[in-house]
Amino acid sequence: MRIVIIGNSVAMVGAVEAIRKYDTSSEIVVISDETYHVYSRPLISYYLGNLVSENKMIYREKDFYRKNKVETIFGIKVVSIDERKKEVYLENGDSISFDKLLIATGGKPIIPPVEGLNKKNVHTFIKMDDAKKLKEAAKPGSKAVIVGGGLIGFKAAEGLHHLGVDVTIVELADRILSTILDTEGASLVSQSLQNDGIKIITGTTVDKIIGDEYVKGVLLKNGQELEADNLIIAIGVVPNVDVVKNTSISINRGILVDNTMKTSVEDVYAAGDVAEGYDMLVESNRVVPIWPNAYMQGEIAGLSMIGINKSFKGIFPMNSIGYKNTNMITAGITNPQQEEFEIISKIDHNRRSYKKFVVKENRLVGFILINDIDRAGLFTGFIKNETDITPFKKYLLNDDFGFIYLPKELRKAKMLDLEVVR
Amino acid sequence: MSLSYLTPEFKVLRDYDKCINCKVCMRQCSFEVHSYDEHLDKMISNDMNCVNCQRCVVLCPTQALTIIKHPQTFKEHANWTYDAIRDIYRQAETGGVLLSSMGNDRPYPVYWDKMVINASQVTNPSIDPLREPMELRVYIGRKPDKIEIDENLNVKTKMPPQLKLETPIMFSAMSYGSISYNAHAALARAAEELGILYNTGEGGLHKDFRKYGKNTIVQVASGRFGVDREYLNTAAAIEIKIGQGAKPGIGGHLPGEKVSEDISATRMIPAGSDAISPAPHHDIYSIEDLAQLIYSLKEATDYQKPVGVKIAAVNNVAAIASGIARAGADYIAIDGFRGGTGAAPKRIRDNVGIPIEFAIAAVDARLRSEGIRHTISLVAAGSIRNSADIVKAIALGADAVYIATAALIALGCHMCQKCHTGKCNWGIATQDPNLVKRLNPEIGYKRLVNLVQAWSHEIKEMLGGMGINDIESLKGNRLMLRGIGMTQKELDILGILAAGE
Amino acid sequence: MKKVYVKEEVCVGCRLCEVYCITSHSKYKDVLKAFKLETQRPTPRIVIEENKPVSFSLQCRHCNDAPCVKSCITGAMQKDPSTGVVICDTDKCVGCWTCVLVCEFGAIIRDVNNKVASKCDLCAEAGEPACVKNCPNEALVYSEGGISA
């Protein structure tokens, strides 16, 4: 059978590695509009800041495609899919037929409706080429304005700061990293950036881009005007669903999939940033564009395509992100407003440490850890396994929290590879 | 607070070239001797607290520690010794009875070391234990006056209950309370594997150890802790404790702080209350009373189990033993003055009682002369230190020996003699859960098995050397011993000849 | 595959496992030199938890479906197909701590000096885990399928 994968990033790797564990005979064809060997997209900010060289960007070894018997078609875009004839059409006129199709096209940047986007040195920051372009253009001492203080903007700011650029972040919400941090947490993190001279303006966004052939600055909706040699649009990503236009594949914000990553069309699957799969915490489908989730969804899709049904509860957001010595790890629901969530938190300004746990019906559904991030995975595990935390809830904030505070039976089951007890 | 005149007894020597500041010593010392000083960035020691248990020395990954006797001395005085002076300082400071642990450490003569053993030379050749079978098995219990055999060579006479020991060594009484749960676990398991018995001591039998019942001797002591029908019937034998070698004539005392929930359940007393064993059994005021208790216990267990009596070796031990034999006991355990203890007043431990060597010899001779030696087995206790001591004890008349101090040393005891503090760093004489864990019963029981097997092998070698292939032929065989450096009177009491005779 | 399992009932909290873990991953592989000579003392690769009287050391479980391997953004975390050991290639690792985020055992330690993940590798070079070999109370076992095996 022939499996065609549109996309050359982590979801593809998850699928290929899962398939090849059990099936070494089916054909696998990977098609991508990029020309690079599969690389780690999160590393582009490290590349930008000279923390990682280009050849260290690859996500799997050079012989990955050969070893896994994957045929590659790179540098060519897929323009449309005929899900009934089971064919994909490439921009050069070629068509490829498939028995199973995995759409892993990832996300594309959200572009705000402002004038002046076509000026030179207006950047997005999603893929390798974006990073190369920005690195070329950003000179030490120059000024950069980043529109958007979320995960992408945050990392772009770090990279640019390492290059010696004067950075200003403009964020529409009242705080940076608003999808993962609450006010307390964001304030702690903002301080680190501001101590380094990075400016943060909240509560507004770009109104107009100023300049002639090259960008010279921006006018913000609050009336402020900022100089900018480089403007980075980092408002967010949306699923790259263009390729399923004019098909019967159901989409919402992303391509809707069930727990086996199958779309509404038989033999067509989706995984990664383009997919809208089940989020076990909000208990509905949602796009969760996070690297580990993309791999896991790719793996499930791969197994489903070869007929192996692996149980999958769904994903939830989780992030590990940092700026120099300020590290944060977050997961799940971090800033709930409703009454049904219980919040357990502690802030220590001297150690610049913040811990927040979100509990619903005695199960952990989210947490924020800033600077005291060791052993964060324990909490991610409690969320994923829906562990009843009643026996040890009062110890969650302990500096030395660990399995030692769990009831003995539960702890031994976990550590001795025994049947995991709820 | 007035100044203490006591200076440290031991000194911690730390080789700073080897010390890596790993702090294992600090974590492992329950006496809080070692600590890490941040400002000096080095480990420092408070010599005053050190008891020379050597836990830190053994665990240090670079062998950086040595504990020595503190070089500080008093002016030389043959009479007012270092210990004599310091004991007075202690009592002047506290007003209390001096307590100590383990056995008498005073320089009384050790008679084991004044006896030597025979070996065959020309006539009656020696036997090689690696080539010929050697019998070490003994049976503890009352033997009938005579045996009747039927035509098929089966024994017709009804035998009183016997304890079968694969080797003439048993683990002596140490209560749960004076030693830890893990120590009991190691002793019970080793006894089972070796085919011998261990003694619960007066602390009752923990429910987790009921499964070792057929290798257990349960004690009925003056406090009657843990004694109920199930306790008596689970065991292989019952031992009435009248006294012990370390503290003859007085009772015992386990302070309330050490009576945890577990100990409370095992001893059947309220948690937190002091566990006091009175000096006499308050229902035994005569030998007839003892006979009554012996028979009550036999009734309660349907005459299925041997009932023994344990006494301390004191001045008239021979007469006492004779009375006990006639009172119906199946064996007598005699505990010499070197016997160990978890806690005893120092003066009693060091000054009361007589050496086991004389006691066994005297009791054996007296029972033989009265024609009742066969009615009772004799078990010798009180500092059996090696297999040669066992051979000599049996040659003097014992059927078997009890070991306790030696067993604890096998488990890791370093004889610091501070059991009474409850801070045993080896997890033996403590109830602190942090410390008890240090004695891993898996490791402990193997060490005990190793020790007893090694001694058994050595006994076989010595027997073979004497030309004997059955331990029963050694029993009371005084001719196999000779004395060195003893007075004629001592030789007479022991019933042995002098070397050369 | 063989893994390290702990018997918490007999762990005495001495932390010698940590001392020997550091030694076994040091340059000279000698206790004295690792602690006195090497200026950059290696980070231990095991986590020790203690709340008296309970204590134990915790090592990477080398999971079959290792979440750290799936989540690693650089591909540094890999499970060796022949030995089953999960190893972090510290040349590739950028210290993003995504593995710390996903490890349900909290078994990955942040080596903040070198900004890389530090985790148990079952002492692959030596053949027998140093912690197991040097535990003074036999609280660590190296076996297949659990403690009683």
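Residues numbered from 1 in each chain as written. Chains lettered and ligands numbered in written order. Predicted model: local features only at pLDDT ≥ 70, side-chain atom pairs only at ≥ 80, totals over all residues.

Visitor: Would you take a moment to explain the overall build of chain A for this structure?
Guide: Looking only at helices and strands, chain A has nine helices and 26 strands in total. Here chain A has a C-alpha radius of gyration of 23 Å; the compact-globule value for 422 residues is 22 Å, and the two agree. Considered along the principal axes of its C-alpha atoms, chain A spans approximately 70 × 60 × 40 Å. Within the span of chain A, comprising 422 residues, buried residues form 48% of the whole. Considering only residue pairs separated by 6 or more positions, chain A has 62% of its internal contacts joining residues 24 or more positions apart. (Helix = DSSP H or I, 4+ residues; strand = E, 2+ residues; numbered from the N terminus. Rg over C-alpha atoms; globule rule 2.2 N^0.38 Å. Buried ≥ 20, exposed ≤ 12 C-beta atoms within 10 Å, placed from the backbone. Contact = placed C-beta atoms within 7 Å.)

Visitor: Help me out: how do you make sense of the overall build of chain B in this one?
Guide: A count of helices and strands for chain B gives 15 helices and 21 strands. Its C-alpha atoms give chain B a radius of gyration of 24 Å, near enough to 23 Å, the size a compact globule of 501 residues would have. Taken along the three principal axes of its C-alpha coordinates, chain B extends 90 × 60 × 45 Å. Across the 501 residues in chain B, those meeting the buried criterion constitute 48%.

Visitor: Would you explain the environment of Asp111(C) in this entry?
Guide: For Asp111(C), the position within the fold is in strand 6 (residues 109–111). You can call Asp111(C) buried: it has 20 C-beta atoms within 10 Å.

Visitor: What is the right way to look at the interface of chain C and chain A in this model?
Guide: Note on interface size: it is often stated as the accessible area lost on association of the parts. Between chain C and chain A, the residue contacts involve 27 residues of the former and 33 residues of the latter. Secondary structure elements with two or more residues in the side of chain C that touches chain A: strand 1 (2–6), strand 2 (47–51), strand 3 (54–58), helix 3 (67–71) and helix 4 (98–102) of chain C. Here the residues of the side of chain C that touches chain A are counted per class, giving 14 nonpolar, seven polar and six charged. (Nonpolar A, V, L, I, M, F, W, Y, C, P; charged D, E, K, R; others polar.)

Visitor: Looking at this structure, how should I read the sheet that holds strand 10 (residues 143–147) of chain A?
Guide: What holds strands together in a sheet is hydrogen bonding between their backbones, with the strands either parallel or antiparallel. Residues and elements named next belong to chain A. Strand order in the open sheet formed by five strands is 9-16-10-11-12, and the pairing between neighbours is parallel. Across the chains shown, the open sheet's two edge strands, defined by having one partner strand only, are strand 9 (122–124) and strand 12 (199–202). Averaged over all pairs of adjacent strands, the angle between strand axes in this sheet comes to 20°, irrespective of strand direction. Looking at chain direction, strand 11 (residues 166–171) and strand 12 are connected through four bridges and run parallel. Within strand 12, the position partnered with Thr 168 by the bridge is Lys 199. In the packing of helix 4 (residues 128–137) onto the sheet, contacts are made with strand 9 and strand 16 (230–233), and the angle to strand 9 comes to roughly 145°. Sitting on the sheet, helix 5 (residues 151–162) is in contact with strand 10, strand 11 and strand 16, with an inclination near 170° to strand 11. (Pairing = 2+ DSSP bridges. Axes fitted to C-alpha atoms, helices over the stretch in contact; angles between N-to-C directions.)

Visitor: Looking at this structure, I do not really get helix 8 (residues 317–326) of chain B. What am I missing?
Guide: Residue pairs spaced three or four apart in an α-helix point in one direction, given the helix's 3.6 residues per turn. Residue and element names in this part refer to chain B. Residues of helix 8 that are buried: Val 317, Ile 320, Ala 321, Ser 322, Ile 324 and Ala 325. The secondary structure elements touched by the buried residues of helix 8 are helix 7 (287–300), strand 15 (307–312), strand 16 (331–335) and helix 10 (356–369). Trailing helix 8 by a residue or two, Gly 328 shows a phi angle of about 105°, which is positive.

Visitor: Hey, could you run me through the sheet that holds strand 21 (residues 284–286) of chain A in this one?
Guide: Residues and elements named next belong to chain A. Within the open sheet, the three strands sit side by side as 18-20-21. Their pairing is mixed. Every interior strand has two partners, whereas the edge strands, strand 18 (255–256) and strand 21, have only one. Where strand 20 (residues 275–279) and strand 21 come together, three bridges link them in antiparallel fashion. The partner of Gly 277 across the bridge, within strand 21, is Arg 286.

Visitor: Would you mind going over the environment of Ala18(A) with me for this structure?
Guide: Here Ala18(A) lies in helix 1 (residues 10–22). Sequence separation between Ala18(A) and Ser304(A) is 286 residues, and the spatial gap between their C-alpha atoms is 9.6 Å.

Visitor: Honestly, the nonpolar core in this entry has me stumped. Any pointers?
Guide: Grouped burial of nonpolar side chains is what soluble globular proteins tend to show. By size, the foremost hydrophobic cluster in this structure holds 200 residues, and its most contacted members are Leu102(A), Ile146(A) and Ala271(A). Contact partners of Ile146(A), with chain neighbours within four places excluded, come to Gly153(A), Ala156(A), Ala157(A), Val167(A), Ile169(A), Val170(A), Ile232(A) and Ala234(A). Ranked by size, the runner-up nonpolar core spans 129 residues in total, among them Trp112(B), Ile238(B), Tyr402(B) and Leu448(B). (Core = buried A, V, L, I, M, F, W, Y, C linked by C-beta atoms within 7 Å.)

Visitor: Help me understand the interface of chain C and chain B, please; the structure alone is not making it clear to me.
Guide: Across the contact, 18 residues belong to chain C and 16 residues belong to chain B. Counting only elements with at least two residues in the side of chain C that touches chain B, the list comes to helix 1 (16–24) and helix 2 (31–36) of chain C. Looking at the side of chain C that touches chain B, the element that brings in the most residues is helix 2 of chain C, giving four residues. Split by residue class, the side of chain C that touches chain B holds 11 nonpolar, two polar and five charged.

Visitor: What exactly am I supposed to notice about the packing of helix 1 of chain A against helix 7 (residues 291–305) of chain A here?
Guide: Working note: a packed helix pair is described by the angle between its axes plus the distance between those axes. Residues and elements named next belong to chain A. For the pair helix 1 and helix 7, interaxial distance at closest approach is 7 Å and the crossing angle is 40°. With respect to each other, helix 1 and helix 7 are oriented oblique. The two elements helix 1 and helix 7 meet at a crossing, and its hand is right-handed. Judged by residue contacts, Val 10, Ala 11, Met 12, Val 13, Gly 14, Ala 15, Val 16, Ala 18 and Ile 19 of helix 1 engage Trp 291, Ala 294, Tyr 295, Met 296, Gln 297, Gly 298, Glu 299, Ala 301, Gly 302, Leu 303 and Met 305 from helix 7. Among the residues making up the contact of helix 1 with helix 7, the classes are represented as 15 nonpolar, four polar and one charged. (Parallel < 35°, antiparallel > 145°, perpendicular 65-115°, else oblique. Left-handed = near helix turned anticlockwise from the far one by under 90°.)

Visitor: I would appreciate a short explanation of unusual backbone geometry in the present structure.
Guide: Glycine aside, negative phi is the norm for most residues, and most peptide bonds take the trans geometry. The peptide bond linking Lys52(C) to Pro53(C) adopts the cis configuration, its omega dihedral lying at 5°. Within the fold, Pro53(C) resides in the loop between strand 2 and strand 3.

Visitor: When you look at the arrangement of the chains in this model, what are you seeing that I'm missing?
Guide: There are two pairs of chains in contact here; the most contacts are made by chains A and C. No part of chain A reaches chain B; the closest C-alpha pair between them is 15 Å apart.

Visitor: What am I meant to see in the packing of helix 11 (residues 387–396) of chain B against helix 14 (residues 441–466) of chain B here?
Guide: All names here are of chain B. One way to put it is that helix 11 packs onto helix 14 with a least axis distance of 9 Å and a crossing angle of 55°. When the axis of helix 11 is compared with that of helix 14, the two are oblique. Note on packing geometry: the crossing formed by helix 11 with helix 14 is right-handed. Where helix 11 abuts helix 14, its residues Ser 387, Ile 390 and Val 391 lie against Trp 455, Glu 458, Ile 459 and Met 462. In terms of residue class, the contact of helix 11 with helix 14 is built from five nonpolar, one polar and one charged.

Visitor: Looking at this model, I keep getting lost on the confidence of the model for chain B. Mind explaining?
Guide: For any part of a model where pLDDT is low, the fine detail of the predicted coordinates should not be relied upon. Overall, the predicted model of chain B reaches an average pLDDT of 94, with 100% of residues at or above 70. Confidence metrics for the complex model read pTM 0.90 and ipTM 0.95. (pLDDT = per-residue confidence, 0-100.)

Visitor: Is there a simple way to explain helix 9 (residues 408–415) of chain A in this structure?
Guide: Buried residues of helix 9 of chain A: Arg411(A), Lys414(A) and Met415(A), and no others. Down the axis of helix 9 of chain A, the sector holding all buried residues measures 90°, keeping them to one side. Looking at the buried residues of helix 9 of chain A, the elements they touch are strand 1 and strand 3 of chain C. Two residues or fewer past helix 9 of chain A, Asp417(A) is found with a positive phi of approximately 60°. (Arc of directions from axis to C-beta.)

Visitor: Teacher, can you tell me more about the environment of Glu132(B) here?
Guide: All names here are of chain B. Considering the arrangement of structural elements, one finds Glu 132 in the loop between strand 6 (115–117) and strand 7 (138–140). Classification of Glu 132 by C-beta neighbours within 10 Å gives exposed; the count is 10. C-alpha separation for the pair Glu 132 and Ala 381, spaced 249 residues apart in sequence, amounts to 30 Å. Leaving out residues up to four positions away in the same chain, Glu 132 has contacts with Ile 127 and Asn 469.

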